[in-house]
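Descriptive structure summary
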Amino acid sequence: MENITIQSIGQIGVPVKDLDRAVEFYTEKLGLPLLFQAGNLAFFDCNGVRLLLSLPESEEFAKSSSVLYFKVNEVKATYEDFVGKGVHFIDEPHLVAKMGQTETWMAFFKDTEDNIHALMSEVQV
């Protein structure tokens, strides 16, 4: 029997209610490059991870998505930039955990489709 293992995440899907509005948010506000659109699907590149926005095929897939944690170098500076672009944050950058010499900082926000995501930064102290 072969040893079957997961290799990597090939794509992350996020359900949306209004594809055009969501595409504008992810390109204009978050700055993710749009790879292409096909019908009710939009594909983005997030540094090698493909992000799919889609209108749900059925009510079963219309639930909120998992939380996406977008890694950034400077969480406070990115937070300020995104606030200036009109991104709705539900909290300010804050320390979540300290592990040895590494601090993990996060700030949570909502996209236009009411999905919650976060900015995440790991800082050496």
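Criteria and thresholds
Residues numbered from 1 in each chain as written. Predicted model: local features only at pLDDT ≥ 70, side-chain atom pairs only at ≥ 80, totals over all residues. Heavy atoms only, no water. 1 Å grid on protein atoms, 1.4 Å probe; cavity = no way out; pocket = protein on both sides within 12 Å on 5 of 7 lines; lining within 4 Å. Points joined across faces, edges and corners; volume = space filled by probe spheres on them. Helix = DSSP H or I, 4+ residues; strand = E, 2+ residues; numbered from the N terminus. Nonpolar A, V, L, I, M, F, W, Y, C, P; charged D, E, K, R; others polar. Pairing = 2+ DSSP bridges. Axes fitted to C-alpha atoms, helices over the stretch in contact; angles between N-to-C directions. Buried < 20%, exposed > 50% of the residue type's maximum accessible area, 1.4 Å probe, protein only. Arc of directions from axis to C-beta. Contact = heavy atoms within 4.5 Å. Core = buried A, V, L, I, M, F, W, Y, C linked by side-chain atoms within 4.5 Å.

A few words now on the layout of surface pockets. Approximately 370 Å³ is the volume found for the largest pocket. Contributing to the lining of the largest pocket are 16 residues, with Leu 32, Cys 46, Tyr 69, Phe 70 and Lys 71 lying nearest its centre. Sorting the residues of the lining of the largest pocket by element identifies strand 4 (49-54), strand 5 (69-71) and helix 2 (75-84) as the ones contributing at least two each. In terms of residue count, the dominant contributor to the lining of the largest pocket is strand 5 (3 residues). Its residues assigned to classes, the lining of the largest pocket comprises 13 nonpolar, 2 polar and 1 charged. The volume enclosed by the second largest pocket comes to roughly 200 Å³. Forming the walls of the second largest pocket are 13 residues, and the residues nearest its centre are Ser 54, Leu 55, Pro 56, Glu 57 and Phe 61.

The strand order 1-4-3-2 describes an open sheet built from 4 strands, whose pairing is mixed. Lying at the two open borders of the sheet, with one neighbouring strand each, are strand 1 (11-15) and strand 2 (34-38). Recorded for the sheet is a direction-independent mean angle of 20° between the axes of neighbouring strands. Judged from the 6 bridges that link them, strand 3 (residues 41-46) and strand 4 form a sheet pairing that is antiparallel.

Turning next to helix 1 (residues 19-29). Within helix 1 the residues assigned to the buried category are Leu 19, Ala 22, Val 23, Phe 25 and Tyr 26. Down the axis of helix 1, the sector holding all buried residues measures 160°, keeping them to one side. Residues Asp 20, Glu 24 and Glu 28 are exposed on helix 1 and point more than 90 degrees away from its buried face. The elements touched by buried residues of helix 1 are strand 1, strand 2, strand 3, strand 4, strand 8 (102-110) and strand 9 (116-124).

Our next topic: the nonpolar core. Formed by 25 residues in total, the largest nonpolar core has its most connected members in Tyr 26, Leu 30, Phe 44, Leu 53, Phe 89, Phe 109 and Leu 119. Residue assignment for this core shows that the elements contributing at least two residues are helix 1, strand 3, strand 4, helix 2 and strand 8. Per-element tally for this core: the top contributor is helix 1, with 5 residues. Not counting chain neighbours up to four residues away, the residues in contact with Phe 44 comprise Val 23, Tyr 26, Thr 27, Leu 32, Pro 33, Leu 34, Leu 35, Val 49, Arg 50, Leu 51 and Leu 53.

This part covers helix 2. An α-helical turn contains 3.6 residues, so a residue and the one three or four places further along point in the same direction. What helix 2 keeps buried is the set Val 75, Thr 78, Tyr 79 and Phe 82. Down the axis of helix 2, the buried set is contained in an arc of 105°. They therefore lie on one face. Facing away from the buried side of helix 2 by more than 90 degrees, the exposed set consists of Glu 80 and Gly 84. The secondary structure elements touched by the buried residues of helix 2 are helix 1, strand 6 (88-89), strand 8 and strand 9. Looking one or two residues beyond helix 2, the residue adopting positive phi is Gly 86, at roughly 90°.

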